[in-house]
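Inside the fold
Okay, here's what each chain looks like letter by letter:
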Amino acid sequence: DTAVSQTPKYLVTQMGNDKSIKCEQNLGHDTMYWYKQDSKKFLKIMFSYNNKELIINETVPNRFSPKSPDKAHLNLHINSLELGDSAVYFCASRPTGGDTEAFFGQGTRLTVV
Amino acid sequence: AQRVTQPEKLLSVFKGAPVELKCNYSYSGSPELFWYVQYSRQRLQLLLRHISRESIKGFTADLNKGETSFHLKKPFAQEEDSAMYYCALAPSGSARQLTFGSGTQLTVLP
């Protein structure tokens, strides 16, 4: 009954491949996020999405694209993977509005070789 | 644009000593401030939020609008407090952007 779950937990792949990371939340939240945590533990927002509006961090390469089949899912698709994409990717969800807590997935450690 | 700054990347204190993790923010409107903690190889979890004015695990944080700060404090650090701490900001009444600082790695030495 995990609130926010990501799959896979670990992903090792070669440069140039296309991969997806899945995220599901069972909290009924309206807004979901993707964050990238680099080797220095810096946490950078990539996308926020609330079924009406997608906000993209302008520094995110367009090789990255979020896909939301429904309100409970926000998957991250990455094309033409590069070495610099290696990081831990966290999905999170939060209710819209108010002083509310964001719930995080356990993270996906992506290694590009 | 909203921004969160945590000036200390690493912070080490001895067990029983006071600890303060600094957080400064810039935002033109009325922000909501949070502290999140990430223990080793675990997911991020909320530690506390400014609006609730509560103390969690002995930690407190006061929002100082004049200094645009939201420093996290604990009078007596414990070894189990060793973790990565992130300060975060969200525009009031909106979940659109939840922006994190770069984090401070706290190590409490025995």
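Residues numbered from 1 in each chain as written. Chains lettered and ligands numbered in written order. Predicted model: local features only at pLDDT ≥ 70, side-chain atom pairs only at ≥ 80, totals over all residues. Heavy atoms only, no water.

**So, the interface of chain A and chain B**
Definition in use: In this analysis, two residues are considered to be in contact whenever any of their non-hydrogen atoms come within 4.5 Å of each other. By definition, the buried area sums, over both parts, the 1.4 Å-probe accessible area that each loses when the two are put together. Any Lys or Arg side-chain nitrogen found within 4 Å of a carboxyl oxygen on Asp or Glu counts as a salt bridge. For this analysis, a polar contact is any N or O atom pair within 3.5 Å, provided that within protein one partner can donate a hydrogen and the other can accept it, and provided that sequence-adjacent residues contribute only side-chain to side-chain pairs. Helix and strand definitions here come from DSSP, where helices need a minimum of 4 consecutive H or I residues and strands a minimum of 2 consecutive E residues; each element is numbered from the N-terminal end. Each residue receives one of three labels: charged for Asp, Glu, Lys and Arg, nonpolar for Ala, Val, Leu, Ile, Met, Phe, Trp, Tyr, Cys and Pro, and polar for the others, Gly being one of them.
Listed per partner, the contact involves 28 residues of chain A and 23 residues of chain B. With both chains or domains summed, chain A and chain B bury close to 2,200 Å², and 50% of this area falls on carbon and sulfur atoms. Our count for the contact surface shared by chain A and chain B stands at 2 salt bridges. Residue Glu32(B) is joined to Arg94(A) by a salt bridge in which the shortest nitrogen-to-oxygen separation is 3.4 Å. Across the contact surface, chain A and chain B share 9 residue pairs in polar contact (both at pLDDT 80 or more). Contributions of two or more residues to the side of chain A that touches chain B are made by strand E4 (31–37), strand E5 (43–49) and strand E9 (87–94) of chain A. Broken down by element, the residue count for the side of chain A that touches chain B peaks at 4 residues, all from E4(A). Looking at the side of chain A that touches chain B, its residues break down into 11 nonpolar, 10 polar and 7 charged.

**Quick notes on the sheet that holds strand E7 (residues 64–67) of chain A**
Within a sheet, adjacent strands bond to each other through the backbone by hydrogen bonds, running parallel or antiparallel. Residue and element names in this part refer to chain A. Our working definition: For two strands to be treated as a pair, DSSP must find at least two bridges joining them. Convention adopted: a line fitted to C-alpha atoms gives each axis, helices being fitted over their contacting stretch, and angles between N-to-C directions are expressed from 0 to 180 degrees.
Here we have 4 strands laid out as an open sheet, ordered E1-E3-E8-E7, and antiparallel in their pairing. Pairing within the sheet leaves two strands with one partner each, and these edge strands are strand E1 (4–7) and E7. Averaged over all neighbouring strand pairs, the angle between strand axes comes to 20 degrees, with direction disregarded.

**Quick notes on the sheet that holds strand E7 (residues 60–61) of chain B**
Here we have 3 strands laid out as an open sheet, ordered E3-E8-E7 (chain B), and antiparallel in their pairing. Only two strands of the sheet have a single neighbouring strand rather than two, namely strand E3 (19–21) and E7 of chain B.

**Overview of the nonpolar core**
Applied cut-off: Here, nonpolar core refers to any group of buried Ala, Val, Leu, Ile, Met, Phe, Trp, Tyr and Cys residues whose side-chain atoms link them within 4.5 Å. The classification of residues rests on relative accessible area computed with a 1.4 Å probe and restricted to protein chains. Under 20% of the type maximum is buried, over 50% is exposed, and intermediate values are partly exposed.
The biggest cluster of nonpolar side chains holds 24 residues, and the ones touching the most others in it are Trp35(B), Leu72(B) and Tyr85(B). Residues contacting Leu72(B), with those up to four places away along its chain left out, are Val19(B), Glu20(B), Leu21(B), Trp35(B), Leu47(B), Leu48(B), Phe59(B), Thr60(B), Ala61(B) and Tyr85(B).

**Examining a positive patch on the surface**
Where we set the bar: Residues forming no salt bridge and having over 30% relative accessible area are the ones grouped into patches, like charges within 9 Å of each other and nonpolar side chains (Val, Leu, Ile, Met, Phe, Trp, Tyr) within 5 Å. Note on areas: these come from Shrake-Rupley sampling with a 1.4 Å probe, and a residue is covered only by the protein chains present in the view. In this tally, Asp and Glu contribute negative charge and Lys and Arg positive charge; neither His nor the terminal groups of the chain are included. Here the site of a charge means NZ on Lys, CZ on Arg, CG on Asp, or CD on Glu.
A contiguous patch of positive charge, built from Lys9(A), Lys40(A), Lys41(A), Arg109(A), Lys9(B) and Arg41(B), is present on the exposed surface. Mapped onto the elements, Lys9(B) comes out in the loop between strand E1 (3–5) and strand E2 (10–14). On the accessibility criterion, Lys9(B) (35% relative accessible area) is partly exposed.

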